[in-house]
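So you can see what is in the structure, the chains are spelled out below.
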Amino acid sequence: MKSVPHISDAEWEVMKVLWAKAPCTANEVIEVLEAQTDWKPKTVRTLLNRLAQKQAISYSQENRVYAYFPLVSEDECVKSETQSFLKRIYGGAFKPLLVNFLKEEQLSAEDIKELKNILEDKTK
C-alpha cells in the first residue's frame, strides 16, 4: 500500500465531498460543507490548502478558478486509518477488536449470517 497522509477529522469531511464529486471548486466544497457544518469559507479553504500540502489532493487551475480533486482514494484512506487505529488501540491485533465489537454491539440475524459467510470465505 502506498503511503497515505494522515487526514484529520475536519480534513476527512472535505475529502468526502471530493470523493463524492470531483473535481470541485473551493466554492462548491464550501457550499456542501456549509449545509453540514458551521465552518466559515476561510476554514474550508485552509483545509483544502492543508490537504494539498499533504498531497492528499491536487488542483487544476483555469484562469483564477481552482478545481480540486483527490490523489488518494477513499478505500486507501479507510485502510490506512484502520491500520493506524489497530496499532494505536489494539497493538496491531485484529482479534481483540473483533471480540470487543461482538460483545458490545447488537447484531441482527442477518448481520451474524453475513459475518459467518465472511469468516467461512477466509478459511477457504
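Remember, predicted model here, so these are calculated numbers, not experimental data. (Residues numbered from 1 in each chain as written. Predicted model: local features only at pLDDT ≥ 70, side-chain atom pairs only at ≥ 80, totals over all residues. Heavy atoms only, no water.)

Q: Before we move on, can you summarise the state of the cysteines with the specific residues and values?
A: Think of a disulfide as a covalent bridge from one cysteine sulfur atom to another cysteine sulfur atom. Inspection of the entire model under this criterion finds 0 disulfides. For Cys77, which is in no disulfide, the shortest distance to another cysteine sulfur is to Cys24 and amounts to 16 Å. (Disulfide = S-S within 2.5 Å.)

Q: Hey, could you go over a nonpolar patch on the surface for me, with residue numbers and the actual values?
A: A cluster of nonpolar side chains, namely Phe101, Leu102, Leu115 and Ile118, defines an oily patch on the protein surface of about 320 Å² accessible area. Examined against the element boundaries, Leu115 turns out to sit in helix H6 (residues 109-122). (Patch = residues over 30% accessible without salt bridge, like charges linked within 9 Å, V, L, I, M, F, W, Y side chains within 5 Å. Areas by Shrake-Rupley, 256 points an atom, 1.4 Å probe, with all protein chains shown as cover. Salt bridge = Lys/Arg side-chain N within 4 Å of Asp/Glu carboxyl O. Helix = DSSP H or I, 4+ residues; strand = E, 2+ residues; numbered from the N terminus.)

Q: Please give an account of the domain arrangement of the protein that cites residues and values.
A: The figure often quoted for interface size is the accessible area lost as the parts come together. The domain boundaries assigned to the protein delineate domain 1 (9-70) and domain 2 (74-123). Here the C-alpha centre of domain 2 lies 30 Å away from the C-alpha centre of domain 1. (Domains from an automatic or database assignment.)

Q: Help me get a handle on the pattern of salt bridges, residues and values and all.
A: Going through the model one piece at a time under the given rule, you end up with 4 salt bridges. A salt bridge links Glu11 to Lys54; the nearest nitrogen and oxygen atoms lie 2.7 Å apart. In this pair, Glu11 is assigned in helix H1 (residues 9-20) and Lys54 in the loop between helix H3 (41-53) and strand S2 (57-62), connecting sequence segments 43 residues apart. Residue classification places Glu11 among the buried residues on the basis of a relative accessible area of 1%. Here Glu13 ties to Lys16 by a salt bridge, and the two come within 3.1 Å at their closest N and O atoms. Here the residue Glu13 and the residue Lys16 both occupy positions in helix H1, the gap between them amounting to 3 residues, near one helical turn. (Buried < 20%, exposed > 50% of the residue type's maximum accessible area, 1.4 Å probe, protein only.)

Q: Describe helix H4 (residues 74-90), naming the residues involved and giving the relevant values.
A: The first and last C-alpha atoms of H4 sit 23 Å apart over 17 residues, in line with the 24 Å expected at 1.5 Å per residue. For H4, the full list of buried residues reads Cys77, Ser80 and Leu86. In the core, the buried residues of H4 are packed alongside H1 and helix H5 (94-104). Two residues or fewer past H4, Gly91 is found with a positive phi of approximately 60°. (Expected span 1.5 Å × (residues − 1). Contact = heavy atoms within 4.5 Å.)

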